[in-house]
Amino acid sequence: MNDQQNTTRPATTRNVETLPEEAGERLDRVLAARLDGLSRSRLKQLILDGSITTQDGATISDPSMRVKPGQSFEIAIPEAVADRPVPQAMTLDIRFEDAHLLVLEKPAGLVVHPAPGNLDKTLVNALLAHCGDSLVGIGGVRRPGIVHRLDKGTSGLMVVAKSEAAHTALSADFAAHRIRRAYRAIVWGVPQPRNGEIVGNIGRSTANRKKMAVVSHGGKTAKTHYQVLREFRGAAAFVECRLATGRTHQIRVHMTERGHPLVGDPTYGSASSPRRARLLPEEVRRGIAAFDRPALHAYQLGFTHPITGQSLDFTSELPNDLITLLSLLERF
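Every chain begins its residue count from 1, and numbering advances along the sequence as written. Per-residue local features are limited, in this predicted model, to residues with pLDDT of at least 70; the limit for side-chain atom pairs, both in listing and counting, is 80 or more; totals at the level of whole chains, interfaces and linings are taken over all residues. Excluded from the side-chain calculations are hydrogens and water; all other atoms, namely the structure's heavy atoms, are used.

Before going further, it helps to examine empty space enclosed by the protein. Cavities and pockets are found on a 1 Å grid laid over the protein atoms alone: a cavity is a set of points where a 1.4 Å probe fits but cannot escape, a pocket is an open set with protein on both sides within 12 Å along at least five of seven lines, and a lining residue has an atom within 4 Å of such a point. Grid points are joined across faces, edges and corners, and a volume is the space filled by probe spheres set on the points. In total, this model carries two cavities of 30 Å³ or more according to the counting rule given. Of the voids in this model, the largest cavity is the one considered here, and its volume is about 50 Å³. Taken together, F174, H177, I179, R181, L243, A244, T245 and G246 make up the full set of residues lining the largest cavity. Charged residues are taken to be Asp, Glu, Lys and Arg, nonpolar residues to be Ala, Val, Leu, Ile, Met, Phe, Trp, Tyr, Cys and Pro, and polar residues to be all remaining types, Gly included. Class assignment of the residues belonging to the lining of the largest cavity gives a composition of four nonpolar, three polar and one charged. Estimated volume of the second largest cavity: approximately 30 Å³. Lining the second largest cavity are H148, L150, L157, R181, Y183, A298, Q300 and L301. Here a strand is any run of E in DSSP of at least two residues, a helix any run of H or I of at least four, and the numbering for each starts at the N terminus. Within the residue set of the lining of the second largest cavity, elements represented by two or more residues are β8 (180–188) and β14 (296–304). The greatest single-element share of the lining of the second largest cavity, amounting to three residues, is contributed by β14. Among the residues making up the lining of the second largest cavity, the classes are represented as five nonpolar, two polar and one charged.

So, in C-alpha cells, the structure goes:
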C-alpha cells in the first residue's frame, strides 16, 4: 500500500457552563437548549460516544445525568462525514477477486471506512477506485460491502462483497459464525493455561465510552480461543487467537481482561505492562516502545464462496514490523 496516511480533521469544540436555574435538569436537555444546531438526540449520541467531558477531563457517559449549577462541559463535535465516499486510487494487495467478492491484505494504519477523523484515504475509498463499474450495487448503491472490519492498527486478511447476493450471504455466515478466522498476537505476560478460551460479554465501558470492556450486564456474547505459540521468559508471549464470535476489539478486550494486553496497544495497555517490560534488556525495551500499534495480525481467513460454493482458505505472512518485534524478543 503506497498511501496509508489518513486525513485527520479536528472536531469543533463547544463549552457550556450550567446556570443556577438548570440545576437538576438532564444533561442532554440542558445542552440541547444551550447549543444551537444540535438536537437532543445528536447530543445524546455524542455523550454515548464519549465526546463530552467535564472541566477536569472526566468523560461523561450518561445522557440523563442531572447537572449542578456552575458545572463546565466541553463538547467535541466531529466534522460531518460525506454520505458517499469518493474513489481514491491506492495500491491494494488483492489475494482473490471475482465478480462477487474479493479478499485482500489490509496494512496496519489503514482505516476501513470513512469516519470522523478519517474522512478519506480509507479502504472503502480505495475499493471504490479499484472496483469501479464491477460493483454491481448493494442496497441500490454502488459500493463495496464491508461485512467485517479490522481495526486501524490491525493488519491482515479481509473479505469484501461486491454484489448484493454475496453481501447478504457473507453477512449471514459471519452472524452464524461460519467464517474461519485466526489471528496472531504478541501479548504481555504468558496466559495460563497455555491453551484455553476466554468467555465474557463485551459492551461499552462505563468508565470510558470510547473503549469496549467485558461487562457483567448487557453487552454481546463473546468467545475467544487462544494458544500460546512461544513465550519470552515470562515477559511476553506470541499467541494464536481464534474467534468463535466477532465483537468490536474482541481479542484486545479479552486478552486485557485476562491480564495480558497486546504489546503496543495504546487503548487497552494496562498498568502492569511497564513492570513486565523491566524484565527485558534495554535494547528490547526501546524496540517495544517504538512499536506504535496493537501487535495483532489477521493471518487466516476461510469461508465458503456464497455463489459458487467453493471452499476458500487464505493465510497471510506476518508483516515486517511484527517479525522485527519477535526477533527482538528472541534475543534474550
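Having seen it, we continue.
What follows covers the nonpolar core. Grouping buried Ala, Val, Leu, Ile, Met, Phe, Trp, Tyr and Cys residues that are joined through side-chain atoms within 4.5 Å yields what is termed a nonpolar core. Note on exposure labels: buried denotes an accessible area under 20% of the residue type's maximum, exposed denotes more than 50%, and partly exposed covers the range between, all computed with a 1.4 Å probe on protein chains only. Formed by 33 residues in total, the largest nonpolar core has its most connected members in L123, L127 and I251. Contributions of two or more residues to this core are made by β5 (101–106), α3 (123–131), β7 (155–161), β8, β12 (223–232), β13 (236–243), α5 (250–257) and β14. Ranked by the residues each element gives to this core, the list is headed by α3, at six residues. For L127, the residues in contact, after removing those within four places along its chain, are L92, L102, L104, G132, P144, I146 and V160. The next biggest cluster of nonpolar side chains, apart from the first, holds 20 residues, and it includes A235, V284, L326 and F332. By the convention used here, residues are in contact when the closest approach between their heavy atoms is within 4.5 Å.

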